[in-house]
Amino acid sequence: MSDADDFRLDGKAALITGGARGIGAECARVLAAAGADVMLTDLPGPTGPATAESIAGGRAAYRDLDVTREQDWIAAIDATISTFGRLDILVNNAGIEIMGEIADVSQDEFRRIMAINVEGVYLGCKQAVRAMRPRGRSAGGGSIINISSVAGMVGVPWLSAYSASKGAVRTLTKGVAVECGRLGYGIRCNSVHPGVVATEMAESFFRKNQALAGAESLEQIATVFTQAHPIGRMGVPRDIANAVRFLASDAAAWITGAELAVDGGWTAT
Ligand code: NAP
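Residues numbered from 1 in each chain as written. Predicted model: local features only at pLDDT ≥ 70, side-chain atom pairs only at ≥ 80, totals over all residues. Heavy atoms only, no water.

## A word on the pattern of salt bridges
Any two side chains of opposite charge can pair, so long as their charged atoms come close to each other.
Move 1: Under the defined criterion, the tally for this structure stands at 13 salt bridges.
Move 2: With a closest N to O distance of 2.9 Å, arginine 8 and aspartate 10 form a salt bridge.
Move 3: A salt bridge links arginine 59 to aspartate 37, with the nearest nitrogen and oxygen atoms 2.9 Å apart. With arginine 59 in the loop between helix H2 (47–53) and strand E3 (60–64) and aspartate 37 in strand E2 (residues 37–42), this pair connects stretches of sequence that are 22 residues apart.
Move 4: The partly exposed category is assigned to arginine 59, whose relative accessible area is 48%.
Move 5: One network of salt bridges, with partners in common, ties together Glu26, Arg29 and Arg238. (Salt bridge = Lys/Arg side-chain N within 4 Å of Asp/Glu carboxyl O. Helix = DSSP H or I, 4+ residues; strand = E, 2+ residues; numbered from the N terminus. Buried < 20%, exposed > 50% of the residue type's maximum accessible area, 1.4 Å probe, protein only.)

In structure tokens:
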């Protein structure tokens, strides 16, 4: 076996949340191409099953999973283990964004973003650890990858509530990593922090930024955010999915509790 095989995911099974489109869908495609079996999950709708059908490589299946519902988590992890025989990788990708001046963010909006972006990740970590630990149904350990954001590391105007949620994901990740390490569970847990990545969420982010900043055009906003990334371009979902693939693989066997900025250098400035 060559060293390069450490980057393959053959024989591993992954569960991905918010996988119908955007970064989650690309993670599913990249993990499957690397040999993993993939359980794609999302809120009910036609897009998730269609995305799962389009995936080539490892086997792919689809199941509804609202990340705020613990019963959905239990059922989705059961379905992954029944379908593929195991669970090795969890990608906590589902998330929402709420934009506005902190003075205008309602308590209901704040609670909603915390419910999806933080409670959803907590429930995923909890149920995945139960399954992956030595006395669990898929006792071989595993890799949990939590999608945070640059906004979980630095402040961004009009994103305070989102930043609070993504900062919580960052430190929740470290807690899970240290605990699972000390307990000898063989479970790693890392966070990935994307800059602006071209998805529907980013389109909506630009529209809201234009309104809040009173900018003349979307192009003006796009230019500002392109320049925020020293590397000179915004991200594409593949940039994030490749980092997720690495963290999921045995090539990252000694990496846990890490925060990986995949942001074209945004947070290095
Ligand atoms: P996206 O295009 O908006 O896709 C998010 C997916 O999550 C959608 O399919 C959405 O379903 C699903 N979702 C929403 N609420 C859910 C829930 N309660 N349970 C399960 N699924 C739910 O977003 P994206 O850009 O791919 O972002 C993916 C992740 O990366 C998010 O955590 C986001 O915060 C993070 N991120 C994105 C960027 C960026 O620039 N795009 C930057 C930094 C971090 P519906 O379509 O049904 O709502």
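## Notes on the site of the ligand
Move 1: Close to the ligand lie 26 residues, the nearest being Arg21, Asp42, Asn93, Tyr162 and Thr199.
Move 2: A distance of 2.7 Å is found between an oxygen atom of the ligand and a side-chain nitrogen or oxygen belonging to aspartate 42.
Move 3: A distance of 2.7 Å is found between an oxygen atom of the ligand and a backbone nitrogen or oxygen belonging to asparagine 93.
Move 4: A total of 900 Å² of accessible area belongs to the ligand in isolation, and the protein chains cover 88% of it. (Near = heavy atom within 4 Å. Polar contact = N/O pair within 3.5 Å; in protein donor to acceptor, adjacent residues only side chain to side chain. Areas by Shrake-Rupley, 256 points an atom, 1.4 Å probe, with all protein chains shown as cover.)

## Looking at the environment of alanine 258
Move 1: Within the secondary structure layout, alanine 258 lies in the loop between helix H8 (237–248) and strand E7 (259–262).
Move 2: The class for alanine 258 is partly exposed, based on a relative accessible area of 28%.
Move 3: With 88 residues separating them in the primary sequence, alanine 258 and arginine 170 have C-alpha atoms 8.9 Å apart.
Move 4: If we ignore the near neighbours within four places in the chain, the residues touching alanine 258 are Lys174, Cys189, Asn190 and Ser191. (Contact = heavy atoms within 4.5 Å.)

## Let's talk about the nonpolar core
Move 1: Counting 50 residues, the largest nonpolar core has Leu15, Trp73, Leu87 and Ile144 as its most contacted members.
Move 2: Elements with a minimum of two residues in this core: strand E1 (13–16), helix H3 (70–84), helix H4 (107–132), helix H5 (160–182), strand E6 (187–194), helix H6 (200–213) and helix H7 (218–227).
Move 3: Sorting elements by how many residues they give to this core places H4 first, with 9 residues.
Move 4: For leucine 15, the contacting residues outside a window of four places in its chain are Met39, Thr41, Leu65, Trp73, Ala76, Ile77, Thr80, Leu87, Ile89, Leu90 and Val91.
Move 5: One finds Cys27, Ile147, Ala243 and Val262 within the second-largest nonpolar core, a separate group that totals 29 residues. (Core = buried A, V, L, I, M, F, W, Y, C linked by side-chain atoms within 4.5 Å.)

Purely geometric numbers; function is a separate question.
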